[in-house]
Protein chains: 2
Amino acid sequence: MNYSRQREQVLEYVKSVKTHPTAETVYNKVREKNSNISLGTVYRNLDKLSKEGKLLRIKMANGKDRFDGYTSKHYHAICTRCDRVFDVSLDYFNNVDKVVAKKLNCNVLSHDIIFNIICPDCERGF
Amino acid sequence: MNYSRQREQVLEYVKSVKTHPTAETVYNKVREKNSNISLGTVYRNLDKLSKEGKLLRIKMANGKDRFDGYTSKHYHAICTRCDRVFDVSLDYFNNVDKVVAKKLNCNVLSHDIIFNIICPDCERGF
DNA sequence: ATTGAAAATAGTAATAATTACTATTTTGAA
DNA sequence: TTCAAAATAGTAATTATTACTATTTTCAAT
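Because the structure is predicted, anything quoted here is derived from the model rather than measured. (Residues numbered from 1 in each chain as written. Chains lettered and ligands numbered in written order. Predicted model: local features only at pLDDT ≥ 70, side-chain atom pairs only at ≥ 80, totals over all residues. Heavy atoms only, no water.)

### Quick word on the packing of aromatic side chains
Two aromatic rings, taken as a pair, are described by how far apart their centres are and by the angle between their planes.
Then comes step 1: Applying the stated criterion to the full structure yields five aromatic pairs over all chains.
Then comes step 2: Judged by centre distance (5.2 Å) and plane angle (20°), the rings of Y75 of chain A and Y92 of chain A are stacked. Placement of the pair is Y75 of chain A in strand β3 (residues 75–79) and Y92 of chain A in the loop between β4 (85–88) and α4 (96–104), with a sequence separation of 17 residues. For the pair Y75 of chain A and Y92 of chain A, a shared accessibility class is recorded, and that class is buried.
Then comes step 3: On the numbers, 5.6 Å between centres and 75° between planes, the contact of F93 of chain A with F93 of chain B is edge-to-face. Placement of the pair is F93 of chain A in the loop between β4 and α4 and F93 of chain B in the loop between β4 (85–88) and α4 (96–104), with the two residues belonging to separate chains.
Then comes step 4: For F93 of chain B, a relative accessible area of 23% translates into the label partly exposed.
Then comes step 5: Cluster of aromatic residues (ring-pair linked, three or more members): Y75, Y92 and F93 of chain A together with Y75, Y92 and F93 of chain B. (Phe/Tyr/Trp six-rings, centres within 6.5 Å; stacked < 30°, edge-to-face > 60°. Helix = DSSP H or I, 4+ residues; strand = E, 2+ residues; numbered from the N terminus. Buried < 20%, exposed > 50% of the residue type's maximum accessible area, 1.4 Å probe, protein only.)

As structure tokens, then:
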């Protein structure tokens, strides 16, 4: 994989925020620094970076994928009103995969938990 | 809400299987009995039925929504190779919502867990 | 039974996120 | 310096789902 400034900018932006941006947000933000970058390039690089393990791709049930610069295993919460995504600092349930593996008699690779919440901002009016 | 034969057929099919069909599968299967039904009608009725609580809509991260005739709270496993979806008979973690509510200081409505697995069929060749 | 407005339908068009394609430019090892 | 592999910008295609529209069906009140 060759160097590219665009990829560096994409990674830098996602690593710099805790907001779990969508591809489009990454595109808009990186464009503020590099007005030439194209949306396709952002998508391609987000994909490459997450396959490399440098980013986490969170495939959200409600549509848009989100990206996370914090790559250790952890859970997420999504506000059902504003769609903001938050990290959940809960100990990872390592053993539950084994329990399910026995029950289903199959190989369990991992699990994801999404908490559906109403975030503090939305709770108090918006 | 008025009666409709199409809605009855959609509900009947989803209730009759354990496969967590997609809207398109429901469409194809119901069409075997009623060759007139349209895809839009299937989507509309799946939506109505799940909003009524007669079906469960499982918003899958990988794209297509799945529908489940078994409406109690439970978890799901998806095969990362063939995309088949299975029910997971694990006790529902009722207390974890409260823990997260305290951590995030917000209202937690529910949570979903998806186990990423390799199903027995795929494990043994396909 | 008849009527008529609300609800539902079939069929098609529109939307939205993402991926694929293509001609051009950039990268980096030889 | 060269040149093939990799990456890019910009656009087109894809895919699941929702929206729209003219027609048909349902059902409560006559």
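So that's the structure; there's more coming.
### Some details on the nonpolar core
Then comes step 1: Core analysis: the largest hydrophobic core is formed by 33 residues, its most contacted members being F115 and I117 of chain A together with F115 and I117 of chain B.
Then comes step 2: Among all residues touching I117 of chain B, those that are not within four sequence positions of it are L104, C106, N107, V108 and L109 of chain A together with A77, I78, C79, T80 and F86 of chain B. (Core = buried A, V, L, I, M, F, W, Y, C linked by side-chain atoms within 4.5 Å. Contact = heavy atoms within 4.5 Å.)

### Let's talk about the side chain of D65 of chain A
Residue and element names in this part refer to chain A.
Then comes step 1: Looking at the element boundaries, D65 is found in the loop between β1 (56–58) and β2 (66–68).
Then comes step 2: Judged by its relative accessible area of 17%, D65 falls in the buried class.
Then comes step 3: For D65, the side chain forms a polar contact with the side chain of R57, separated by 2.7 Å.
Then comes step 4: One polar contact links D65 to K59, side chain to side chain, over a distance of 3.3 Å. (Polar contact = N/O pair within 3.5 Å; in protein donor to acceptor, adjacent residues only side chain to side chain.)

### A few points about the environment of P120 of chain A
Residues and elements named next belong to chain A.
Then comes step 1: In this structure, P120 sits in helix α5 (residues 120–123).
Then comes step 2: A relative accessible area of 31% places P120 in the partly exposed class.
Then comes step 3: Considered as a pair, P120 and C79 are 41 residues apart in the sequence and their alpha carbons are 9.2 Å apart.

### Comments concerning the interface of chain A and chain B
Then comes step 1: Taken together, the contacts link 32 residues of chain A with 33 residues of chain B.
Then comes step 2: The three residues of chain A that bury the most area against chain B are L104, F115 and N116 of chain A, which together make up 19% of that side's buried surface.
Then comes step 3: Across the contact surface, chain A and chain B share zero salt bridges.
Then comes step 4: Linking chain A with chain B are 10 residue pairs in polar contact (both at pLDDT 80 or more).
Then comes step 5: Mapped onto the side of chain A that touches chain B, the elements with two or more residues apiece are β4, α4, β5 (107–118) and α5 of chain A.
Then comes step 6: Among the elements that make up the side of chain A that touches chain B, the one with the highest residue count is β5 of chain A (12 residues).
Then comes step 7: The residue makeup of the side of chain A that touches chain B, split by class, is 19 nonpolar, seven polar and six charged.
Then comes step 8: Of the pairings in the sheet, the one linking β5 of chain A to strand β5 (residues 107–118) of chain B comprises 11 bridges and is antiparallel in character. (Buried area = accessible area lost by both parts, 1.4 Å probe. Salt bridge = Lys/Arg side-chain N within 4 Å of Asp/Glu carboxyl O. Nonpolar A, V, L, I, M, F, W, Y, C, P; charged D, E, K, R; others polar. Pairing = 2+ DSSP bridges.)

### Things to note about unusual backbone geometry
Then comes step 1: One non-glycine residue, D83 of chain A, lies in positive phi territory at about 70°.
Then comes step 2: One non-glycine residue, N105 of chain B, lies in positive phi territory at about 55°.
Then comes step 3: Position of N105 of chain B relative to the elements: it lies in the loop between α4 and β5.
Then comes step 4: On the basis of relative accessibility, which here comes to 62%, the residue N105 of chain B falls in the exposed class.

### Overview of the sheet that holds β4 of chain B
Then comes step 1: The six strands lie next to each other as β4(A)-β3(A)-β5(A)-β5(B)-β3(B)-β4(B), forming an open sheet whose pairing is mixed. Taken across any chain shown, the strands that pair with only one partner, and hence form the sheet edges, are β4 of chain A together with β4 of chain B. Each strand of the sheet is rotated relative to its neighbour by a mean of 30°, with strand direction disregarded.
Then comes step 2: Note: β3 of chain A against β4 of chain A, four bridges, orientation antiparallel. (Axes fitted to C-alpha atoms, helices over the stretch in contact; angles between N-to-C directions.)

### Let's talk about the packing of helix α1 (residues 5–16) of chain A against helix α2 (residues 23–33) of chain A
All names here are of chain A.
Then comes step 1: With their axes 10 Å apart at the nearest point, α1 and α2 run at an angle of 110° to one another. Viewed along their axes, α1 and α2 adopt a mutual orientation that is roughly perpendicular. Across from Q9, V10, Y13 and V14 in α1, the residues of α2 making contact are T25, V26, K29 and V30.
Then comes step 2: For the contact of α1 with α2, a count of residues per class yields five nonpolar, two polar and one charged. (Parallel < 35°, antiparallel > 145°, perpendicular 65-115°, else oblique.)

Everything listed here is a matter of coordinates, which is why it stays silent on function.
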